Amino acid sequence: MTDHGELGALLRSWRDRLSPADVGTATGGVRRAAGLRREELAALAGVSVDYVVRLEQGRARTPSAQVVAALGRALQLDRAERDHLYTLAGLRPPGDALVSTHVPAGVQRMVTRMGDVPIAVFTASWDILLWSPTWAALFGEPAGRSAWERNLVVQTFHEDLFAEERIGRAVYADGGAAFRVSLVAGLRRAQGRHHDDPGLRALIGRLRASSEEFERLWATGVVGEHLSQRKVLEHPTVGALEVDCDVFTVSGSELQIVAMTVAAGSPAAEKLDFLRVTGAAVG
């Protein structure tokens, strides 16, 4: 049985304990309360303000697992709080058999405070969960894409989906062959750990059916992990940028943090600054 009164009360309590600075929201103007506004939570979770209101008032009684996961990330809940939110919503908390989409509060704060750096957080199956404004300025705004289009493996094997977007793309001496092999190897590694995850099975099945190259690489049985490397990115607005692309894993989880850095004062740094400022202005 669910307790929607407790669900609404907890959502309000968790919203009140976060400040706009915690989530990288501008704090201009007079605020009557220290916590997040409903519209700010709605924007972070990708739901409507009306839906947040109905949840807090107990009038929305069946939030989906996707919505609950998004609210948990937006509210920066720890794992115990996230699991309790699932339970109150009448859902089973995700277990270790599933690919985790939980982003610890510390990781969220790090991404928020590193807004000048193209940085993003991905699941073990390369679904993007969190990103900085500079990442969006460089690679396009993920929030406007479908779940399928927000997956890095899908983006790599289906570049045609983004042919009309003015976004940065990596240029490789080998045409990206080694990069694609590493992504397939990492995806198979995730499958081995989460073979009962229906979302992961569906992703792999759809990739195998829609990309001949992915199917060929998948058939080789390669297993491994994606590694850090230096890359050259080509952006239609600023041209070529050479970046160090580092991949970090979060202790106690399989989250993958991708950060792209450049030398201070370099031409690449100036180009990133330009994209960050103009991207923010457009946003």
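These notes cover the structure that comes with them. Keep in mind it's a predicted model, so treat the numbers as computed, not measured.

How each quantity is defined
Residues numbered from 1 in each chain as written. Predicted model: local features only at pLDDT ≥ 70, side-chain atom pairs only at ≥ 80, totals over all residues. Heavy atoms only, no water. Helix = DSSP H or I, 4+ residues; strand = E, 2+ residues; numbered from the N terminus. Rg over C-alpha atoms; globule rule 2.2 N^0.38 Å. Buried < 20%, exposed > 50% of the residue type's maximum accessible area, 1.4 Å probe, protein only. Contact = heavy atoms within 4.5 Å. Pairing = 2+ DSSP bridges. Axes fitted to C-alpha atoms, helices over the stretch in contact; angles between N-to-C directions. Core = buried A, V, L, I, M, F, W, Y, C linked by side-chain atoms within 4.5 Å. Phe/Tyr/Trp six-rings, centres within 6.5 Å; stacked < 30°, edge-to-face > 60°. Salt bridge = Lys/Arg side-chain N within 4 Å of Asp/Glu carboxyl O. Left-handed = near helix turned anticlockwise from the far one by under 90°. Nonpolar A, V, L, I, M, F, W, Y, C, P; charged D, E, K, R; others polar.

1. As for the overall build of the chain
Of regular secondary structure, the chain possesses 12 helices and six strands. Rg of the C-alpha trace for the chain: 20 Å, near the compact-globule value of 19 Å for 283 residues, within the 12% margin. Summarising its shape, the C-alpha atoms of the chain cover approximately 60 × 45 × 35 Å along the three principal directions. Across the 283 residues of the chain, 45% fall into the buried class. Nonlocal contacts in the chain, meaning residues at least 24 apart in sequence, comprise 55% of its contacts between residues at least 6 apart.

2. Looking at the sheet that holds strand β4 (residues 229–235)
A sheet is described by the order of its strands in space; here six strands give the open sequence β2-β1-β6-β5-β4-β3, paired in antiparallel fashion. Across the chains shown, the open sheet's two edge strands, defined by having one partner strand only, are β2 (128–131) and β3 (169–171). Across this sheet, the average inter-strand angle for adjacent strands is 35°, counted without regard to direction. As defined by bridge partners, β3 adjoins β4 across three bridges and the pair is classed as antiparallel. Each residue of the ladder has a partner; that of V171, found in β4, is V232. With respect to the sheet, helix α6 (residues 105–113) is in contact with β1 (119–122), β2 and β6 (256–261), its orientation differing from that of β1 by roughly 155°.

3. Description of unusual backbone geometry
In this structure, Q76 is a non-glycine residue whose phi angle is positive, near 55°. Counting through the fold element by element, Q76 comes out in the loop between α4 (65–74) and α5 (79–88).

4. Some points on the nonpolar core
In this structure, L187, F214 and M260 are the most contacted members of the largest nonpolar core, which totals 38 residues. Here the element with the most residues in this core is helix α9 (residues 177–193); it accounts for five residues. Setting aside residues no more than four positions away along its own chain, L187 makes contact with S125, V153, L200, L203, I204, L207, F214 and W218. Counting 24 residues, the second largest nonpolar core, distinct from the first, contains A60, V67, A74 and L75.

5. Quick look at helix α2 (residues 38–45)
Turning to α2, its buried residues are E40, L41, A42 and A45. Backbone geometry just downstream of α2 places G46 in the positive-phi region, at approximately 75°.

6. Structural notes on the packing of aromatic side chains
Overall, the coordinates contain six aromatic pairs when judged by the stated rule. With 5.5 Å between their ring centres and 20° between their planes, Y172 and F179 make a pair best called stacked. Here Y172 falls in the partly exposed class, since its relative accessible area comes to 23%. Aromatic pair F214 and W218: ring centres 5.7 Å apart, planes at 20°, arrangement stacked. Linking F214 with W218, this pair stays in helix α11 (residues 212–219), spanning four residues, or about one helical turn.

7. Digging into the environment of A173
Positionally, A173 belongs in the loop between β3 and α9. Residues A173 and V232, 59 residues apart in the sequence, show an inter-C-alpha distance of 9.6 Å.

8. Concerning the pattern of salt bridges
Applying the stated rule across the entire model yields 14 salt bridges. Ionic pairing is found between E56 and R15, a salt bridge with its closest N-O pair at 2.8 Å. Of this pair, E56 sits in helix α3 (residues 49–56) while R15 sits in helix α1 (residues 4–16), and the two are 41 residues apart along the sequence. With relative accessibility at 3%, the residue E56 sits in the buried group. Between E56 and R38 there is a salt bridge, with its nearest N and O atoms 2.8 Å apart. With E56 in helix α3 and R38 in helix α2, this pair connects stretches of sequence that are 18 residues apart.

9. A closer look at the packing of α9 against helix α10 (residues 198–210)
Relative orientation of the contacting elements α9 and α10 amounts to 145°, with a least axis distance of 10 Å. As α9 runs across α10, the sense of the crossing is left-handed. Residues L187, A190 and Q191 of α9 form the contact with α10, whose own contacting residues are L200, L203, I204 and L207. Each residue belonging to the contact of α9 with α10 can be placed in one class, and the counts come to six nonpolar, one polar and no charged.

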